[in-house]
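Letter by letter, the chains look like this.
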Amino acid sequence: MVLCNFNCSACPFAYLCIPLAIGAFIAWRRYASSMQKKRLISQLSFLFLSNTAFIVGSTGFIYSYFYCWEAPLAAMACPIGVLEHAIVERSMILLVYLIGFIAFFSMIFGRAACGWACPIGFLQDLSRGKKEVRHVEADKKMRWLKYVILLLIPPACYVTGTLAYTDICPIGGLTATLPTLAIDPSSYTFSEFFAPKMIFLVGFFILIFMLSRGWCRHLCPIGAMMAPFNKISLLQLRVDDNACIHCGKCKEVCPMGIDMPEDRKSNECIRCGICISNCPVNAISLTFT
Amino acid sequence: MKLAVIGMGIAAILLLSGGYLAYDKTHILNENRCWGCLALNPTGKIYNGFWIDYPKEYGKGKIKHPDWLKNALNNTHVVMLFFWYKGCSACKLLWEEMKEEGIVEGDEANGKIVGFENVTLITIDTVNDERKGALSIYSQKGGSPTTVILFKEDDTIYWYAFEGSNLPKDENGKIVTVKEIIEDAIRG
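Residues numbered from 1 in each chain as written. Chains lettered and ligands numbered in written order. Predicted model: local features only at pLDDT ≥ 70, side-chain atom pairs only at ≥ 80, totals over all residues. Heavy atoms only, no water.

Draft legend 1. Up close: the overall build of chain B. A tally of helices and strands in chain B yields 6 helices and 9 strands. By principal-axis analysis of the C-alpha atoms, chain B measures approximately 75 × 35 × 30 Å. Considering only contacts in chain B between residues 6 or more positions apart, those separated by 24 or more positions represent 66%. Total accessible area computed for chain B in this model is approximately 9000 Å², and 52% of it derives from carbon and sulfur atoms. In chain B, 21 side chains carry a positive charge and 25 a negative one; their mean positions are 7 Å apart. (Helix = DSSP H or I, 4+ residues; strand = E, 2+ residues; numbered from the N terminus. Contact = heavy atoms within 4.5 Å. Areas by Shrake-Rupley, 256 points an atom, 1.4 Å probe, with all protein chains shown as cover. Lys, Arg positive; Asp, Glu negative; His and termini not counted. Charge placed at Lys NZ, Arg CZ, Asp CG, Glu CD.)

Draft legend 2. Highlighting a nonpolar patch on the surface. Taken together, the side chains of Ile18(A), Ile22(A), Phe25(A) and Ile26(A) present a nonpolar region at the surface, about 420 Å² in accessible area. Along the polypeptide, Phe25(A) turns up in helix α1 (residues 14-30). (Patch = residues over 30% accessible without salt bridge, like charges linked within 9 Å, V, L, I, M, F, W, Y side chains within 5 Å. Salt bridge = Lys/Arg side-chain N within 4 Å of Asp/Glu carboxyl O.)

Draft legend 3. Representation of the interface of chain B and chain A. The partner chain A presents 50 residues to the 42 residues of chain B that form the contact. Summing the contributions of chain B and of chain A, the shared interface buries around 3900 Å²; its carbon and sulfur component is 64%. On the chain B side of the interface with chain A, the three residues burying the most area are Met8(B), Asn30(B) and Leu40(B), jointly 16% of the side's total. Our count for the chain B to chain A interface comes out at 2 salt bridges. When the shortest N-O distance is used, the salt bridge between Asp184(A) and Lys141(B) registers 3.8 Å. Here chain B is connected to chain A by 21 residue pairs in polar contact (both at pLDDT 80 or more). Contributing elements (two or more residues each) for the side of chain B that touches chain A: α1 (2-31), β1 (33-34), α2 (35-38), β2 (40-42) and α4 (89-101) of chain B. (Buried area = accessible area lost by both parts, 1.4 Å probe. Polar contact = N/O pair within 3.5 Å; in protein donor to acceptor, adjacent residues only side chain to side chain.)

Draft legend 4. Expanded view of the environment of Pro221(A). Residue and element names in this part refer to chain A. Within the secondary structure, Pro 221 is located in helix α14 (residues 221-226). Distance from Pro 221 to Ile 153, taken between C-alpha atoms, is 9.1 Å for residues 68 residues apart in sequence. Discounting chain neighbours no more than four positions away, the residues touching Pro 221 are Phe 66, Ile 80, Lys 146, Ile 149, Leu 150, Ile 153, Tyr 165 and Trp 215.

Draft legend 5. Fine view of the nonpolar core. Counting 152 residues, the largest nonpolar core has Phe66(A), Leu81(B), Tyr138(B), Leu150(B) and Trp159(B) as its most contacted members. Among the elements that line this core, the one with the most residues is helix α5 (residues 92-109) of chain A, at 10 residues. For Leu81(B), the residues in contact, after removing those within four places along its chain, are Trp68(B), Leu69(B), Ile122(B), Ile124(B), Tyr138(B), Thr146(B), Thr147(B), Val148(B) and Leu150(B). (Core = buried A, V, L, I, M, F, W, Y, C linked by side-chain atoms within 4.5 Å. Buried < 20%, exposed > 50% of the residue type's maximum accessible area, 1.4 Å probe, protein only.)

Draft legend 6. Here's a closer look at the pattern of salt bridges. For the coordinates displayed, the defined rule picks out 15 salt bridges over all chains. Among the salt bridges present, the one from Arg111(A) reaches Glu268(A), with a minimum N-O distance of 3.5 Å. Taken together, the residues Arg111(A) in the loop between α5 and α6 (112-116) and Glu268(A) in the loop between α15 (249-253) and α16 (274-278) connect sequence positions 157 residues apart. As far as the burial class goes, Arg111(A) and Glu268(A) line up, both buried. Notably, a salt bridge pairs Arg187(B) with Asp184(B), separated by 3.1 Å at the nearest N-O pair. Taken as a pair, Arg187(B) and Asp184(B) lie in helix α6 (residues 178-187) at a separation of 3 residues, close to a single helical turn. Taking relative accessible area as the criterion, Arg187(B) reaches 62% and is therefore assigned exposed. Residues joined by salt bridges that share partners form a network here, namely Arg39(A), Asp125(A) and Arg213(A).

Draft legend 7. Summary view of the sheet that holds strand β8 (residues 146-153) of chain B. Residue and element names in this part refer to chain B. Pairing is mixed across the open sheet formed by 4 strands, whose spatial order is β6-β3-β8-β9. In the strand order of this sheet, the two ends are held by β6 (119-125) and β9 (156-163), each with one partner. Each strand of the sheet is rotated relative to its neighbour by a mean of 15 degrees, with strand direction disregarded. Inspection of the sheet shows strand β3 (residues 78-84) paired to β8 by 6 bridges, in the antiparallel sense. Across the sheet, residue Met 80 finds its bridge partner in β8, namely Ile 149. (Pairing = 2+ DSSP bridges. Axes fitted to C-alpha atoms, helices over the stretch in contact; angles between N-to-C directions.)

This is the structure in structure tokens:
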């Protein structure tokens, strides 16, 4: 099988190849240390893995990150989609599968999926929103919003009997609706949810260009699912307090705006390791217990 | 540390049992396309009478109707298939439209045709119904909702299908309602 025929307009896979190439090109110099290079390779491979349905077909596995299962080449299932289907179908076993999956992997890695696997996280690494926040208190309060969204999804699905979040999900718009349209624009018309979806998508883009990891910080319901496990996960950031010189460099570079080094077990930590490579005295490490 | 080990044990049991029992279900959901979720509708096919085989745009060979449908067509003149899914907002929209038009009643799971004699409605849940395989026979893009109307005359099965919640249009661009298609089918 020839994977690339160099005719992008006739290839459903092109919309993935192009972002992969652009992403790798832009990001290679930004991901400065060897650990960051590893993270870049991990992010690119997970983006590729998400779209392997052209090889293996779709499977019954779940992603631990945001990628719409309605995407033309999606290989696995979105956790939020499984949650919604479980509520709509009143299916306990789907819920057990989802909770088991999220809990198991989050207890090992914490929120590492956000930093190392999620294509939307990758996109935010490339968009590079501002790190310094003017209204720190407001930013802290806004972080509760993702938990509110997560808690609102089940009742909304229960009451309406539809996949209420998916209907307006901006990530679904970016990874599924737009590629589907791009492959074959003439054979689709927009339905009534297209406009709200695109408005949210524009909002999403404004947010991720204004604020570093703005989507992860404030809105991502999958991040909210995994965040509480950060406190007990096996993979943890460790700070050698004797070596630390309190220079504040780690706090400055943290894309999630965590108060390092005090708040090292923060719910927001995505284990990206940027603080590790920027520490002048090598006091921070990322290790399993 | 002890807590983490116990927690991981419980999570592993949930994951394994959930995976064992729900893998197939998740797989079906994963393959199931719902036009409501994508916020897109396939462009309506032009309605200018019924088909015997696949029309050109399907790009498939000869149609092979499933046996349960052939049996149903022996008992009634016209059969209407409605492929839907519980969570799909586009299915809900189309169903409500047909309800307002006064051709169906009840909810999707056990809905009935009203106002016509010798017409049977078969609703098929694209995830849980055993007959969901028929969706790939009748739809071009394979998503819910898909509406199919069939009738049999002199051992030939005539059929017409449209996908998404957009109603089909005739050659002049006028919208054709489901009621009009059923009336055409009854006339033969």
